[in-house]
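Structure at a glance
What follows is each chain in one-letter form.
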Amino acid sequence: MRRSNIGWLFLAPATLILFVVGFIPFLYILYVGFFDWNSNAVDPTLRWAGLQNYRNLVFDATFLNSLARTLVFAFIVVVSELLLGYVLARALMADRLWGRQFFRTIHTLPIVVAPIAVGATWRLLCVPGFGIIPYYLKLWFGIDYNISTNAYHAFGTAIVMDLWHWTPFVTLSLMAGLTALPKEPLEQAQIDGGNKLQIFWYVIVPMLKPVLLTTVFIRLMDALRSVDEVWMLTKGGPAEATRFIGLHIWINVFPKTDYGYGAAMSLLTLYVTIVLSWLLFVAMTGRKGGAQ
Amino acid sequence: MATIELDKVDKHYGAYHALRDISFDIADGEFVVLVGPSGCGKSTLLRTLAGLEDITGGTIRLGGQRVDNIAAKDRDVAMVFQNYALYPHMTVRENMAFALKLRGDTLPDRNAKVDKAAEMLRLTPYLDRYPKALSGGQRQRVAMGRAMVRSPKAFFFDEPLSNLDAALRVDMRSEIKALHQRLGATSVYVTHDQIEAMTMADRIVVLRDGKVEQIGAPLELYDRPANIFVAGFIGSPAMNKLSVKIDLKSNAARLADGSSFSLPPGTRARDGQDAIYGIRPDHWILSRGDQGAPATVELIEPTGAEILVAAQLAGQRVLCAFRERHALKAGDTIALAVDPATAHVFDKQTEQRISP
Ligand SMILES: Nc1ncnc2c1ncn2[C@@H]1O[C@H](COP(=O)(O)OP(=O)(O)OP(=O)(O)O)[C@@H](O)[C@H]1O
Ligand SMILES: [Mg+2]
């Protein structure tokens, strides 16, 4: 009895901090979401709006497009990073690769660069008429690459930038997972007559599931919240081609000071994220005995 | 089922020479046991047979076909690992059926084979469990079953029983033996348990430092070890090895204190040659008369079936096992005699056997 009380005592500071910085703001956003509140409006006070914000949201094409765009973006980058990360992890673990130690060390460098700096760097690389990327694309392939005017170019560049920044994280995490795999089942699978693809699919993937799940979760959450990098790169443009949901909310809440509507958007986005994570979790742990 | 032929097999790990010039043949349906001290290359040899390690020289043939250059998956052999290596994410049934699934057997086919093997191994109640919910012995049986369902060309076992307790080990030992008799599959079995080796093997291969020391039937190895190493390795408690000088005039092996034992008839020795005179502990004869070498009893350990007596004989410690209940105590002087026919003589230099 005494023991468990002391346990709670130790947990108290963390719980308190979590409560103050996590739960209270959440309740506050929930509260604000029911009001019409814009500090630059004629009436800058909170006016009760009921569910009006949410009803507007459901018909707000800009918001819905931004949400869909974000999901597409997140899906593409997470899947690509997983594939690319796995290939890189296997390559960096292969005995025969020349300079393996060196690459292992430097490949993690992008992770430590702040997103804002990544965005700025890529902006410099891509600026039309200045960056080297448009220059060489024109020179070698004759492509008129312009992230300020071409929506596809901007969206593609945002994806490539995310791959550059975060694939090393996936590689690192998969390398840890692969290293920790027991060797014997893999050898057994060879003896059982499995070719490389079969061993990968039937043995490595299921045994790697906990690591895969964690990695996908982390990357998905990050990708859904991607703001600063893209802001530096394109400011969400051209038009709204790269205006992901985080950026969209930020634009509404800060430059536009539309707090009530922003709060409602945040909550709806949170809801979508939770459902998505839950689906993912169910899909990956659906079979018993897999992820332990 | 198939024969296995090894010809001058060599294996290097970088500069380390793990297998040296190993050549022997295994007949179809034979049960061969590999023994040797830890690190001598037993697992390595087994893994090269299975295709999990490349060899750096020589050839391996399986059923007449050369396999040292083909991958493990194409060799059609089964292996049971020391820690079973079950797939943690598959049920017992899926574990056992996995190889069948990979090679494209139909589901009813797979199930029939698994059910049959499970029945044989008394695993039927566990077919839907995951490995983590099985005991060591059950896991071991799953690993066996997984090998059985495939009817492979050969079975390889790497110390499959070493994680089990003594009683279970004895059980599983006879089960594997019975299984082998029923299936008649060519098997190679690694162990460092003497009893396992002696009871299960058709032939035993003794390895040391990556080299074959002797190959032979269990009793052949016990009765006629080819060199000092095999003599000391096979048999428990180990053979006594006395340093002696050969005295051809009196056809005897002379100890440092002048006492002597007769040489086995037909021993090829030079006069004055340094030799090792080997006697198994249970081959000592306690003589009350004046024949035999005098020894001082140091320690007495009754085990029930026999009495183990450690004694000093001409400055060397020897171990004797007597079935009779001699009334002995520490400090007694006894006379030890030997029937020369049961003795083994080895050249001290070459360590090779020189008695017939
Ligand atoms: N991957 C490797 N790299 C370098 N040396 C190795 C490697 N694998 C094994 N060895 C060496 O090869 C020798 C034989 O190893 P092996 O595992 O075959 O021994 P073993 O006879 O099975 O021993 P044990 O009875 O302890 O299992 C050992 O000295 C070991 O250190
Ligand atoms: Mg071993």
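Residues numbered from 1 in each chain as written. Chains lettered and ligands numbered in written order. Predicted model: local features only at pLDDT ≥ 70, side-chain atom pairs only at ≥ 80, totals over all residues. Heavy atoms only, no water.

1. Some details on the interface of chain B and chain A
Across the boundary between the two partners, chain B contributes 25 residues, which contact 21 residues of chain A. Taken together, both faces of the contact between chain B and chain A bury some 2100 Å²; the carbon and sulfur share is 58%. Together, K73, H89 and L102 of chain B form the three largest contributors to the area buried by chain B at its contact with chain A, with a combined 28%. Linking chain B to chain A there are 2 salt bridges. Between E187 of chain A and R47 of chain B there is a salt bridge, with its nearest N and O atoms 2.6 Å apart. (Contact = heavy atoms within 4.5 Å. Buried area = accessible area lost by both parts, 1.4 Å probe. Salt bridge = Lys/Arg side-chain N within 4 Å of Asp/Glu carboxyl O.)

2. Looking at helix α1 (residues 42-50) of chain B
In an α-helix, one full turn covers 3.6 residues, which means residues spaced three or four apart are oriented alike. Residue and element names in this part refer to chain B. Across the 9 residues that make up α1, a large majority, 8, are buried. K42, T44, L45, L46, R47, T48, L49 and A50 are the residues of α1 that are buried. G51 occupies a position one or two residues after α1 and carries a positive phi of about 95 degrees. (Buried < 20%, exposed > 50% of the residue type's maximum accessible area, 1.4 Å probe, protein only. Helix = DSSP H or I, 4+ residues; strand = E, 2+ residues; numbered from the N terminus.)

3. Let's talk about the domain arrangement of chain B
Residues and elements named next belong to chain B. Taken domain by domain, chain B holds domain 1 (4-232) and domain 2 (237-347). Between the C-alpha centres of domain 1 and domain 2 the distance comes to 39 Å. Listed per partner, the contact involves 9 residues of domain 1 and 9 residues of domain 2. Taking both partners together, domain 1 and domain 2 bury about 700 Å²; carbon and sulfur atoms supply 63% of that area. Three residues stand out in domain 1 for area buried against domain 2, namely Y222, I228 and A231, and they jointly supply 67% of the buried area on that side. Between domain 1 and domain 2 we count 1 residue pair in polar contact (both at pLDDT 80 or more) in total. Only α7 (218-223) and α8 (228-233) provide two or more residues apiece to the side of domain 1 that touches domain 2. Of the residues belonging to the side of domain 1 that touches domain 2, the class tally is 6 nonpolar, 2 polar and 1 charged. (Domains from an automatic or database assignment. Polar contact = N/O pair within 3.5 Å; in protein donor to acceptor, adjacent residues only side chain to side chain. Nonpolar A, V, L, I, M, F, W, Y, C, P; charged D, E, K, R; others polar.)

4. Things to note about the nonpolar core
Residue and element names in this part refer to chain B. Counting residues in each nonpolar core, the largest one holds 43 residues, and the members touching the most others are M96, I176, Y189 and V206. Per-element accounting of this core gives the leading share, 5 residues, to helix α4 (residues 136-148). Excluding anything up to four places from it in sequence, V206 contacts V35, K211, V212, E213, Q214, L221, F229, V230, F233 and I234. (Core = buried A, V, L, I, M, F, W, Y, C linked by side-chain atoms within 4.5 Å.)

5. Comments concerning empty space enclosed by the protein
All names here are of chain B. Within this structure, the stated rule accounts for 4 cavities of 30 Å³ or more. Space inside the largest cavity adds up to approximately 70 Å³. What lines the largest cavity is F31, F155, F157, I176, L179, H180, L183, A185 and S187. Among the secondary structure elements, those contributing two or more residues to the lining of the largest cavity are β7 (154-158) and α5 (166-183). Looking at which element gives the most residues to the lining of the largest cavity, the answer is α5, with 4 residues. For the lining of the largest cavity, a count of residues per class yields 7 nonpolar, 2 polar and no charged. (1 Å grid on protein atoms, 1.4 Å probe; cavity = no way out; pocket = protein on both sides within 12 Å on 5 of 7 lines; lining within 4 Å. Points joined across faces, edges and corners; volume = space filled by probe spheres on them.)

6. Quick look at the site of ligand 1
Residues and elements named next belong to chain B. Around ligand 1 lies a shell formed by Y13, Y16, S38, G39, C40, G41, K42, S43, T44, E159 and H192. C40 places a polar main-chain atom, nitrogen or oxygen, 3.2 Å from an oxygen atom of ligand 1. Between an oxygen atom of ligand 1 and a main-chain N or O atom of G41, the distance comes to 2.9 Å. Calculation on ligand 1 without its partners gives an accessible area of 640 Å², and the protein chains cover 60% of this total. The dominant element in the shell around ligand 1, judged by the number of residues it contributes, is α1, at 3 residues. Considered class by class, the residues forming the shell around ligand 1 number 3 nonpolar, 6 polar and 2 charged. (Near = heavy atom within 4 Å. Areas by Shrake-Rupley, 256 points an atom, 1.4 Å probe, with all protein chains shown as cover.)

7. Focus on the confidence of the model for chain A
Across chain A, the average pLDDT comes to 86, with 97% of residues at 70 or higher. Residue range residues 288-292 of chain A is modelled with pLDDT below 50. Its contacts to residues more than four positions away, or to other chains, number 12 contacts. (pLDDT = per-residue confidence, 0-100.)

8. A closer look at the UniProt feature "domain: ABC transmembrane type-1" (unreviewed entry) in chain A
Residues annotated in UniProt with the feature "domain: ABC transmembrane type-1" (unreviewed entry) correspond here to residues 67-280 of chain A. Taken as a whole, residues 67-280 of chain A contains 78% helix and 0% strand, while its terminal C-alpha atoms sit 18 Å from one another. (UniProt positions renumbered as here; feature names shortened; annotations may be inferred.)

9. Here we look at the pattern of salt bridges
Inspection of every chain in the model, using the stated rule, returns 25 salt bridges over all chains. In this structure, the salt-bridge partner of E53 of chain B is R47 of chain B, at a minimum N-O distance of 3.1 Å. Residue E53 of chain B shares its accessibility class with R47 of chain B, and that shared class is buried. One salt-bridge network, held together by shared partners, links E81, D162, R219, D222 and R225 of chain A.

10. Details of the packing of aromatic side chains
Think of a pair of aromatic rings as described by two things: how far the centres are apart, and how the planes are tilted against each other in angle. Across all of its chains, the model carries 27 aromatic pairs over all chains by this definition. Aromatic pair F34 of chain A and Y54 of chain A: ring centres 6.2 Å apart, planes at 55 degrees, arrangement tilted. With F34 of chain A in the loop between α1 (2-32) and β1 (35-36) and Y54 of chain A in helix α2 (residues 52-58), the pair connects residues that are 20 residues apart, well separated along the chain. Centroid distance F157 of chain B to Y189 of chain B: 5.4 Å. Interplanar angle 40 degrees. Geometry classified as tilted. With F157 of chain B in strand β7 and Y189 of chain B in strand β8 (residues 186-190), this pair connects stretches of sequence that are 32 residues apart. A connected cluster of aromatic rings, assembled from ring pairs, spans Y28, Y31, F34, F35, W48 and Y54 of chain A. (Phe/Tyr/Trp six-rings, centres within 6.5 Å; stacked < 30°, edge-to-face > 60°.)

11. Details of the packing of helix α2 (residues 92-102) of chain B against helix α3 (residues 107-120) of chain B
Residue and element names in this part refer to chain B. Running from N to C, α2 and α3 point in directions that differ by 130 degrees, and their axes come no closer than 10 Å. One element, α2, and the other, α3, form an angle in the oblique class. Classified by chirality, the crossing of α3 by α2 is right-handed. Facing R93, M96, A97, L100 and K101 of α2, the residues of α3 in contact are R110, N111, K113, V114, D115, A117 and A118. (Axes fitted to C-alpha atoms, helices over the stretch in contact; angles between N-to-C directions. Parallel < 35°, antiparallel > 145°, perpendicular 65-115°, else oblique. Left-handed = near helix turned anticlockwise from the far one by under 90°.)

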